[in-house]
Every structure is written in structure tokens, then in C-alpha cells.
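Below are the chains, spelled out letter by letter.
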Amino acid sequence: MEEVVGWVNAKRKLGGIIFIELIPRSSLKPLTVVVKRDNSGLWEVAKKLKLGSAIRVKGEKVSGGISKRGEEFKPSEIVEVACPSESIPVDPLLKAGVTLDTLIRYRYLMLRNPKVRAVFKIRALLLKYAREYLESEGFLEVNTPKLCGAGAEGGAEVFELDYFGRKAYLAQSPQLYKQMLMAGLPKVYEITPYFRAEKHHTTRHLNESWGIDAEMGFIRGVDDVMRLLEGLISYILGELSKKAKEELNALGVEVEPPVIPFKRVTYDEVLKLLKEEGLVLRWGEDLTHEAERKLGEIMKEKGYELYFIINYPWEAKPFYIMKEGRLSKSFDLDYKGLEIASGGQREHRFNELIKNMREKGLNVEDFGFYLEAFKYGMPPHGGFGLGVERLLMSLLNLSNVREAILFPRDIQRLIP
Ligand code: AMO
């Protein structure tokens, strides 16, 4: 005897049989509970069940039964544990199709859909494998403040709020704190929300997104950081390809563990490749979305889905990145034409760091708490921020980043 719990997603009566399509609590496959008219009392219970009812069914699985859809379950007891007070507003199995708005508005119901469920199972596994890899490399998980007293690190707008009469900001990334930690704990990672106040209307931006941030000290160069990042991505994809087969199948996605090392292409080469395709960028500007996408197509033709863009002009990068003449010791990691991570070697020398800040027009006084950590033997260090939703979006070929987070925060959405 087995027990399954879940929700009634569809019900059909055919002569003396009621077919109940049950979405089980956590599996990706609906079950068909087949109730025959007899004297057991099950018929009366089954007749009253509504779409959306939460039920507990005892019985056993039947192989080669009469149902044409899904695995069949022969019940000996059915208990309705929650009866919907209103009719269900969406069809979780998408027979009628659903817009992105509806998908998000009724996320909690849409999680009964195997594809939606698969995305969030893969998201959870992705974080688990990221932890596994970073821990095995000797990184310690840390948690830094999200309520901050100093402003932006540059490059993104911050949310401002009132903190007992003082101005505070929501952290746009753990950048400053993870760097400060290098003075005492030189291998850390954090899985953390980023809050960014930009008024984006794109398929790739959220106002609350999640990052896997890592920072390591005593590096010999930026290559050490890239090796860590490609090792991490390759481990995550490798584990998912082995252990999330059912979820990937549900989404129609094939994942191959990528070959290490990833392709490296310089910023100058990127500009040249794009120019050959008729897309001209000013040297020094960050890649536009169109440029990223086009580059994705060019690289795909060459056989690369994942590639680093290295040697960015310093003017396109934030103050904490180490300069190298007009260039910088930084990189972006793109996956199928989308930036999923960025990072680099940091400026660890106090005086140089101050120069960088002044050059970027920042007020050095605002960063006193951060700069202080650079006075007492700050080792050469570097790290990266990897966007969780962006990685999922590219990996699973999702058309919108909002599909990769349970309750997206964007310019229109603060609820649910
Ligand atoms: P960056 O600003 O490039 O770098 O962010 C790192 C990665 O986070 C993801 N990301 C976002 N995803 C969705 N919506 C957004 N609004 C959004 N903003 C960022 C992207 C991006 O590549 N401190 C540096 C990292 C470092 O150098 O360690 C930083 O924040 O995938």
C-alpha cells in the first residue's frame, strides 16, 4: 500500500469510471487515479472533488491499466484535505496556454506544472552544486550586510531608504565587503540578492536578482579567478547533466559539461568580429545587448557557447578593478550571447585604489570604512559575481529572466 498526496488537476467521468488527474506533491509526472463505481464509498468522495482539491490517496500503482494518460493509481481510500473555496483561475498543466503575467501572478499554482517545477528544482540543485564546488575548493560561505551605509560601487543605481533618520542603501552586490574580508579570510563566497534600482524594461534585468559571489586572496593574476569560475560552471553543468535528467528532459534541454578551459576572446577581438558583421562600437564602451547577442551568434558558429571576454578597457569597468594601462584585469563570462558573470583582479594597493576612485569621480570619504581594510597587508585578490537567474536563463533557454525566479521584482512588480 502506498500513499500519494497532491492536487486534482482534471476530472472526467466516463460511464462507471471517474478519472482523476492528480499532480503529486513533488514529482514531475501526473498520476491518474481511477475510481470505479462500487460499494466502497470512494465513488461518492470522488464525485465531490473539485479542480484544485488537495487530496490524500491510499492505494497502489497499476502498470498497464486503462488510463491512457500518466501512470495509473488504484485507490482504496481518498481523503480531501482541502477543498478550493473558489474555482482555480489557471490551468497549471497549460492546456490553454498562459501569459508571463499569469505565470507570475499565480506562481504558487503554476508550480504544479512539471516544466515550472523543473526550473525551480534545477535552480535549487544549481545552488547546491555551486556550494559543493566552492567548498571543495576551500571557500567559506559568508553573509554580508544588505543594509548599507555607503552608496553605490558604481555602474548601478541603488535603492535608498530611511535608517533611523539616516540614509541607507540596499546592497547592489557584496563587492566592498567581500574585498574587505580578503584582509582576514582570503577565500570566501556568498549566495546573495543584488538590489539594483535601474528602470529596466528588458527580458534580462531584475531589480532583485541573485548572485553567486566569490573572492580569493593571494592570487597570482586574473587567470586564477577565471579558472575558478570555469571550474565552477563546468562542475554545475556536469552534475546537472547527471543528476537532473528528468527535470532537463521535462524542459527539452540537453546539457553537456563544457570543456575547460573556456575560450578567451579579447575586447579588441570582439570589436573586430562585430565590425566584420557590420556592428561598430566605440572603443571603450561596454558591449550593448545587441553586440552581446551578435557575438553569441559569431561564437556559436565557431563552436563556443561559453566564452570569456578579457582585457576590457578600464573606462568600461568599476573603480575596484585593477588597471593595466588603458585596459583592465577584468573579464565577463558570456553564455549563448548573454553576460552571466563578471569579475577580475582588484586593485589592492591603497594609493592606487584612491587614484582609481578619484578618476571615476567618487567621493573617497564615502568609502572610508572600505579603504581602511587596505592599509594592513591586503593581499592581491580577485573574484567574480555570477548571476543565478542569468545562468538559468541561458542554460534552460528561457525567454525571460523572470521565469528563473519565483517572485520577480521589476519596475512593475512588488507583489506577489
Ligand atoms: P555585475 O554588475 O556585472 O558585477 O553583476 C554580476 C552578474 O550579476 C548578474 N546581474 C543581473 N542579473 C539580473 N538582473 C540584473 N539587474 C543584474 N545585474 C547583475 C549578471 C552579471 O554578470 N561586483 C561585480 C562582480 C565582481 O566583480 O565580483 C558585479 O556586481 O549575470
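For the structure itself, look to the data block above.
Residues numbered from 1 in each chain as written. Predicted model: local features only at pLDDT ≥ 70, side-chain atom pairs only at ≥ 80, totals over all residues. Heavy atoms only, no water.

A. Quick peek at the site of the ligand. In the vicinity of the ligand, 22 residues are found, and the nearest of them are Gln175, Arg196, Glu339, Ser342 and Arg346. Note that an oxygen atom of the ligand is positioned 2.7 Å from one of the side-chain N or O atoms of serine 342. Here the ligand, which alone exposes 620 Å², has 91% of that area covered by the protein. Secondary structure elements with two or more residues in the shell around the ligand: helix 5 (175-181), strand 17 (338-345) and strand 18 (381-387). If you tally residues by element for the shell around the ligand, the top one is strand 17, at five residues. Class assignment for the residues of the shell around the ligand results in six nonpolar, nine polar and seven charged. (Near = heavy atom within 4 Å. Polar contact = N/O pair within 3.5 Å; in protein donor to acceptor, adjacent residues only side chain to side chain. Areas by Shrake-Rupley, 256 points an atom, 1.4 Å probe, with all protein chains shown as cover. Helix = DSSP H or I, 4+ residues; strand = E, 2+ residues; numbered from the N terminus. Nonpolar A, V, L, I, M, F, W, Y, C, P; charged D, E, K, R; others polar.)

B. Representation of the packing of aromatic side chains. With the rule as written, the count across this model stands at 14 aromatic pairs. Ring plane angle 90° and centroid distance 6.0 Å describe the contact between phenylalanine 319 and tyrosine 370, whose orientation is recorded as edge-to-face. Linking phenylalanine 319 in the loop between strand 13 (306-310) and strand 14 (323-324) with tyrosine 370 in helix 11 (residues 368-372), this pair joins segments that are 51 residues apart in sequence. Neither phenylalanine 319 nor tyrosine 370 differs from the other in exposure class; each is buried. Connected via pairs of aromatic rings, a cluster forms that spans Phe319, Tyr320, Phe367, Tyr370 and Phe374. (Phe/Tyr/Trp six-rings, centres within 6.5 Å; stacked < 30°, edge-to-face > 60°. Buried < 20%, exposed > 50% of the residue type's maximum accessible area, 1.4 Å probe, protein only.)

C. View of the pattern of salt bridges. Tallied over the entire structure, the rule returns 26 salt bridges. Arginine 264 serves as the salt-bridge partner of aspartate 223, at 3.9 Å between the closest nitrogen and oxygen. One end of the pair, aspartate 223, is in helix 6 (residues 222-243); the other, arginine 264, is in strand 12 (residues 263-266), with 41 residues separating them in the sequence. Residue classification places aspartate 223 among the partly exposed positions, given a relative accessible area of 37%. Arginine 264 sits in the partly exposed class, given a relative accessible area of 24%. With a shortest N-O distance of 2.6 Å, glutamate 359 and lysine 323 are connected by a salt bridge. With glutamate 359 in helix 10 (residues 350-359) and lysine 323 in strand 14, this pair connects stretches of sequence that are 36 residues apart. Sharing partners across several salt bridges, the network here consists of Asp101, Arg402, Asp410 and Arg413. (Salt bridge = Lys/Arg side-chain N within 4 Å of Asp/Glu carboxyl O.)

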